[in-house]
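Structure at a glance
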Amino acid sequence: MEQQNTNNPILVERYRGTVLESFHRGTVCLVDADNKVLFSVGDIHQVCFPRSALKLFQILPLLESKGVEKFGFTTEEIAIMCGSHNGEKEHQRVVNSILSKIGVDKSKLHCGAQYPTLNEDRNELIKQDKAPEDIHNNCSGKHAGFLAYCVLHGLDLDSYMQPNHPLQVTIKKITAEMHEYPEEQIQTAMDGCSAPIFSLPVYNQAIGYKNITNPEKFGAKRAESCHKVIEAVTSYPFMIGGHKRYCTEMMHLCGSRIFGKTGADGIYSIGFIQEKMGCTIKIDDGLMGPQYAVAQELIEKSHIFGKEKLAPLYNYIESPITNWNKFTTGVQKVNETALEGFPKLGNA
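Each chain has its residues counted from 1, following the order in which its sequence is written. A pLDDT threshold of at least 70 governs which residues receive local features in this predicted model, and a stricter bar of 80 or more applies before side-chain atom pairs are shown or counted, although totals over entire chains, interfaces and linings include all residues. For the side-chain quantities, the full set of heavy atoms in the structure was used; hydrogens and water were omitted.

**Some words on the layout of surface pockets**
A cavity here means a set of 1 Å grid points, computed over protein atoms only, where a 1.4 Å probe fits but cannot escape. A pocket is an open set with protein on both sides within 12 Å along at least 5 of 7 lines, and lining residues have an atom within 4 Å of a point. Grid points are joined across faces, edges and corners, and a volume is the space filled by probe spheres set on the points. Estimated volume of the largest pocket: approximately 590 Å³. Taken together, 26 residues line the largest pocket, and the ones lying closest to its centre are R245, T262, M288, G289 and Y292. Looking at the lining of the largest pocket, the elements with two or more residues in it are β8 (258-263), α12 (290-302) and α14 (314-317). Its boundaries defined by the atoms lining it, the second largest pocket holds a volume of some 280 Å³. Numbering of helices and strands runs from the N terminus, with a helix taken as a DSSP run of H or I at least four residues long and a strand as a DSSP run of E at least two residues long.

**Here we look at the packing of helix α11 (residues 246-254) against α12**
Contact pair α11 / α12: the axes reach a minimum separation of 11 Å and the direction vectors enclose 10 degrees. Here α11 lies roughly parallel to α12, going by the angle between them. Judged by the sense of rotation from one axis to the other, the crossing of α11 with α12 is right-handed. For the pair α11 and α12, the contacting residues are Y246, M250 and C254 in the first and Y292, A295, Q296 and I299 in the second. Each residue receives one of three labels: charged for Asp, Glu, Lys and Arg, nonpolar for Ala, Val, Leu, Ile, Met, Phe, Trp, Tyr, Cys and Pro, and polar for the others, Gly being one of them. Along the lines of polarity and charge, the residues of the contact of α11 with α12 split into six nonpolar, one polar and no charged. Axes, fitted as lines to C-alpha atoms, cover a helix only where it is in contact. Angles between the N-to-C directions of the axes lie from 0 to 180 degrees. Reported orientations rely on four angle classes, namely roughly parallel under 35 degrees, roughly antiparallel over 145, roughly perpendicular from 65 to 115, and oblique for the rest. For any pair of crossing helices, the crossing counts as left-handed if the nearer helix is rotated counterclockwise from the farther one by less than a right angle, and right-handed if it is rotated clockwise. We call two residues contacting when some pair of their heavy atoms lies within 4.5 Å.

**Structural notes on the packing of aromatic side chains**
Side-chain rings of Phe, Tyr and Trp, where Trp is taken by its six-membered ring, are said to pair if the distance between their centres is within 6.5 Å; with planes under 30 degrees apart they count as stacked, over 60 as edge-to-face, and otherwise as tilted. All chains considered together, the criterion is met by 10 aromatic pairs. Aromatic side chains Y246 and Y268 sit 5.4 Å apart centroid to centroid with 70 degrees between the ring planes, which places their arrangement in the edge-to-face category. Linking Y246 in helix α11 with Y268 in strand β9 (residues 267-272), this pair joins segments that are 22 residues apart in sequence. Comparing Y246 with Y268 shows no difference in burial state: the two are buried. Centre to centre, the rings of Y246 and Y292 are 5.3 Å apart; their planes meet at 25 degrees, and the pair counts as stacked. In this pair, Y246 sits in helix α11 while Y292 sits in helix α12, placing the two residues 46 residues apart along the sequence. Burial here depends on accessible area, computed with a 1.4 Å probe over protein chains only, as a share of the maximum for the residue type. Under 20% is buried, over 50% is exposed, and the range in between is partly exposed.

**Focus: helix α5 (residues 89-102)**
The length a helix should cover is 1.5 Å for every residue beyond the first. Relative to the 20 Å expected for 14 residues at 1.5 Å per residue, α5 spans 20 Å between its end C-alpha atoms, a close match to the ideal helical length. Every buried residue of α5 is accounted for by H91, V94, V95, I98, L99 and I102. Here the buried residues of α5 occupy an arc of 140 degrees about the axis, which is enough to place them on one side. Residues of α5 that are exposed and point more than 90 degrees away from the buried face comprise K89 and S100. Picture the helix axis, draw a direction to every C-beta atom, and the arc is the one those directions span.

**Re unusual backbone geometry**
Although it is not a glycine, E180 sits at a positive phi angle of roughly 50 degrees. Secondary-structure assignment places E180 in the loop between α8 (166-179) and β5 (188-190). The backbone phi angle of D265 is positive, close to 60 degrees, even though this residue is not glycine.

**Overview of the environment of V41**
Position of V41 relative to the elements: it lies in strand β3 (residues 37-41). The exposure class assigned to V41 is buried, which follows from its relative accessible area of 11%. Sequence-wise, V41 and F342 are 301 residues apart; in three dimensions their C-alpha atoms are separated by 9.9 Å. When sequence neighbours within four positions are dropped, the list of residues in contact with V41 reads P9, L11, G26, T27, V28 and A338.

**Overview of the pairing of strand β2 (residues 19-31)**
Look at any regular strand and the pattern is simple: side chains alternate between the two faces of the sheet. Being paired, for any two strands, means DSSP has found at least two bridges between them. Here strand β1 (residues 10-16) pairs with β2 via six bridges, running antiparallel. Residue pairing across strands places Y15 opposite L20, the latter belonging to β2. Bridge analysis of β2 against strand β10 (residues 277-283) gives six bridges, and the strand direction is antiparallel. By the bridge assignment for β10, V28 is matched with I281.

**Describing the nonpolar core**
Counting 103 residues, the largest nonpolar core has V28 and F272 as the members making the most contacts within it. Other than its neighbours up to four places away in sequence, F272 contacts L30, T213, R257, I258, M277, C279, S302, I304, F342 and L345. For this analysis, a nonpolar core means a set of buried residues of the types Ala, Val, Leu, Ile, Met, Phe, Trp, Tyr and Cys, connected via side-chain atoms within 4.5 Å.

**A few points about the packing of helix α7 (residues 140-153) against α8**
Packed helices, taken two at a time, are described by their axes: the angle between them and the distance between them. In contact at an axis separation of 10 Å, α7 and α8 are set at 115 degrees when each is read in the N-to-C sense. By the angle between their axes, α7 is roughly perpendicular relative to α8. Crossing of α7 over α8 shows right-handed handedness. Here F146, Y149 and C150 of α7 lie close against α8, whose contacting residues are L167, Q168, T170 and I171.

Here's what the structure looks like:
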């Protein structure tokens, strides 16, 4: 069993009044085009799962097989294959469109029935006395992409989530290549959506996101596919998350230069497009939310965009904590001291 470093610094703090009530430790790694570490805090070699941050790589077999051209997938449809969406009506529409193009019924999705993320959408299902379905699952776009690959290659549709399925074998190989990590050292487990997920050091996860921005060394086919991924997630950020989601809000403002993807259990990975750099954040306790605070603080420190442009996202860096009476009881904020020294990448 992997032993995690308990000496990672505190990255996000939660105060009740003026007393530090709880905190979240973690690690951050930024690499340049040559895999040199430009900034790090904590143990960047600790091994963890990228979770949904891996989706930008899990789609590559389909893109490299010319699945987009074969089925006529739109850029919006490519985006939702990379997304962890809320299960809103627009998300269901796009996933259904993918399934229609490949001639597969939504019953073939095996990501698991899940209520939509937002209360209003969840309540609407309950009011209609309807049960959640797999298409509401935040990973249904990825699974629709998996099915598309299987249809394209004539592979079994019912076992596409099994680690020994040809699709998953291909994804693991591409994961090792893109993260520059030996495939034999990767541990395979089951993700929340039942698909295989692969363990990687935080350092190599940062390399992976750098390589999406700088994929030419992997050949023309891989480079073209990576460029399509970046175009999709930055052109249609709503398909990556949806309303009230950091990925969507951040790329809506910053997508011309920055893309990012969350993963469960405290992962956030960022690609700096023009700089050809990658960054990964891991919050040790796995709580979802603190990684967005750290990500936004790093984006501010990069000086790629000015504070005025980034103002709508500042609440991720520091936000009040309220109780049921809506009284402010404290604040959650980034520990800026821990992140001092992050390089200035722009001139804003």
